[in-house]
Amino acid sequence: MPAIIDQVVAITGASSGIGEATARLLAARGAAVVLGARRTDRLDRLAADLRAAGGRAVTRATDVTRREDLERLVDLATSEYGRLDVLVGNAGIARTGPVADLDVAGWTQMIDVNLVGVLHGIAAALPVFRRQGHGHLVTTVSTSGLKIVPTQAVYAATKNAVRTLLEGLRQESTDGVLRTTAVSPGYVRTELADWIDNAEVREQVRQDMERLAIAPEAVARAIAFAIEQPEDVEIGEIVIRPTVQG
Ligand code: NDP
């Protein structure tokens, strides 16, 4: 029987894929989950499911490109459950394609969601973490930032920017208040490929996912492992990929 996780955890991008799987696992293990994403119909169905199974879950419409939405998500955690122990900055998009496509709108959107979205989470959560004397920031980065492959340069750059950001924040936070964890998944079976405009690249990623990908529950277990450590233990990075991924 796994130990109870008695923590209040806010998750962005909780409406599908890794965020949803993480919400399900953490709620089943006793965490109170505060779910944010733009598709509120999905969030509401998920929260209803979790509550029906005896879990604690609330939702708020959250677009991570809007700073005030992150403020409201964090406020919901503190008003509903009295504190925020963990923010999982998971929302992300992958508008991948060759740099030569010059998809400037796609680049900008990825930077806004994948990087600025995490910064908005930090801006909202850090004051609460400092006030409480503890807090944990988990972000979903990617193995595409570790092995850079064609068509993923800009996406990988956003993920590596977040990895760099977390390391800098960690260096500034040696007073024991903040823990940071960068989780780098490889191919995971989710809806991520739906964001890709370039039809050829989208089809290739879908085929790779079909062939290689692991279930989002595997990443959820990695996140649970990071957050259930004692407060003096920080799991800085987790790389979790399909065994058959190159
Ligand atoms: P999904 O597409 O299933 O999930 C992405 C989530 O991000 C959705 O819940 C979506 O919700 C949310 N999202 C997108 N844009 C915004 C926004 N502006 N504001 C708030 N939420 C937003 O894919 P995954 O579960 O795979 O993706 C989760 C994370 O994992 C991403 O950061 C992704 O880059 C990363 N990752 C995924 C890998 C994979 O192979 N699947 C590999 C490595 C990393 P909604 O549309 O409702 O807002």
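Residues numbered from 1 in each chain as written. Predicted model: local features only at pLDDT ≥ 70, side-chain atom pairs only at ≥ 80, totals over all residues. Heavy atoms only, no water.

Re helix H1 (residues 17-28)
So, step 1. Between the first and last C-alpha of H1 there are 17 Å, a value that for twelve residues agrees with the 16 Å anticipated at 1.5 Å per step.
So, step 2. Just downstream of H1 lies Gly30, where phi reads positive at about 105°. (Helix = DSSP H or I, 4+ residues; strand = E, 2+ residues; numbered from the N terminus. Expected span 1.5 Å × (residues − 1).)

Details of the site of the ligand
So, step 1. Surrounding the ligand, one finds 31 residues, the nearest of these being Ser15, Arg38, Arg39, Tyr155 and Thr190.
So, step 2. For the ligand, an oxygen atom lies 2.8 Å from a polar atom in the side chain of Arg39.
So, step 3. Separating an oxygen atom of the ligand from a backbone N or O atom of Gly92 is a distance of 3.4 Å.
So, step 4. In isolation the ligand exposes 880 Å². Once the protein is present, 97% of that is buried.
So, step 5. If you map the ligand onto the pockets, it falls in the largest pocket.
So, step 6. Looking at the shell around the ligand, the elements with two or more residues in it are H1 and helix H5 (153-171).
So, step 7. Its residues assigned to classes, the shell around the ligand comprises 15 nonpolar, eleven polar and five charged. (Near = heavy atom within 4 Å. Polar contact = N/O pair within 3.5 Å; in protein donor to acceptor, adjacent residues only side chain to side chain. Areas by Shrake-Rupley, 256 points an atom, 1.4 Å probe, with all protein chains shown as cover. 1 Å grid on protein atoms, 1.4 Å probe; cavity = no way out; pocket = protein on both sides within 12 Å on 5 of 7 lines; lining within 4 Å. Sits in = over half its atoms within 2 Å of the grid points. Nonpolar A, V, L, I, M, F, W, Y, C, P; charged D, E, K, R; others polar.)

Quick word on the pattern of salt bridges
So, step 1. One pass over the structure, following the stated rule, counts 18 salt bridges.
So, step 2. Here Glu191 makes a salt bridge to Arg39, at a shortest N to O gap of 3.3 Å. Taken together, the positions of Glu191 in the loop between strand E6 (178-185) and helix H6 (199-212) and Arg39 in the loop between strand E2 (32-37) and helix H2 (40-52) put the pair 152 residues apart, joining distant regions of the chain.
So, step 3. We classify Glu191 as partly exposed; its relative accessible area is 29%.
So, step 4. Note on Arg39: relative accessible area 35%, which makes it partly exposed. (Salt bridge = Lys/Arg side-chain N within 4 Å of Asp/Glu carboxyl O. Buried < 20%, exposed > 50% of the residue type's maximum accessible area, 1.4 Å probe, protein only.)

Describing the side chain of Asn114
So, step 1. Relative to the helices and strands, Asn114 resides in helix H4 (residues 104-132).
So, step 2. A polar contact of 3.2 Å, which involves the side chain of Asn114, links it to the side chain of Thr158.
So, step 3. Setting aside anything within four residues of it in sequence, one finds Asn114 in contact with Ala91, Gly92, Ile93, Tyr155, Thr158, Lys159 and Val162. (Contact = heavy atoms within 4.5 Å.)

Details of the pairing of strand E7 (residues 237-240)
So, step 1. Side chains of E7 alternate between two faces, with Ile238 and Ile240 buried and Glu237 and Val239 left unburied.
So, step 2. With four bridges joining them, E6 and E7 adopt parallel strand pairing. Note that in E7 the partner of Val183 across the bridge is Ile238. (Pairing = 2+ DSSP bridges.)

A look at the UniProt feature "domain: Ketoreductase" (unreviewed entry) in the chain
So, step 1. Summarizing the sequence annotation, UniProt attributes the feature "domain: Ketoreductase" (unreviewed entry) to residues 7-198 in the numbering used throughout.
So, step 2. Helix makes up 46% of residues 7-198 and strand 18%. Its end C-alpha atoms lie 41 Å apart. (UniProt positions renumbered as here; feature names shortened; annotations may be inferred.)

Focus on the packing of H4 against H5
So, step 1. Packing of H4 against H5 brings their axes to within 8 Å, and their N-to-C directions diverge by 20°. One element, H4, and the other, H5, form an angle in the roughly parallel class. Both H4 and H5 take part in a crossing whose hand is right-handed. Residue-level inspection shows Trp107, Met110, Ile111, Asn114, Leu115, Val118, Leu119, Ile122 and Leu126 of H4 in contact with H5, the latter providing Val154, Tyr155, Thr158, Lys159, Ala161, Val162, Leu165 and Leu169.
So, step 2. A per-class count over the contact of H4 with H5 returns 14 nonpolar, two polar and one charged. (Axes fitted to C-alpha atoms, helices over the stretch in contact; angles between N-to-C directions. Parallel < 35°, antiparallel > 145°, perpendicular 65-115°, else oblique. Left-handed = near helix turned anticlockwise from the far one by under 90°.)

A closer look at empty space enclosed by the protein
So, step 1. Considering all chains together, one arrives at three cavities of 30 Å³ or more under this definition.
So, step 2. Quantified by volume, the largest cavity comes out at close to 60 Å³.
So, step 3. Thr12, Val64, Leu70, Leu87, Gly89, Asn90, Ala91, Val113, Gly117, Val118, Gly121 and Leu137 together form the lining of the largest cavity.
So, step 4. Where the lining of the largest cavity is concerned, the elements lending two or more residues are strand E4 (86-89) and H4.
So, step 5. Per element, the largest residue contribution to the lining of the largest cavity is four residues, and it comes from H4.
So, step 6. Its residues assigned to classes, the lining of the largest cavity comprises seven nonpolar, five polar and no charged. (Points joined across faces, edges and corners; volume = space filled by probe spheres on them.)

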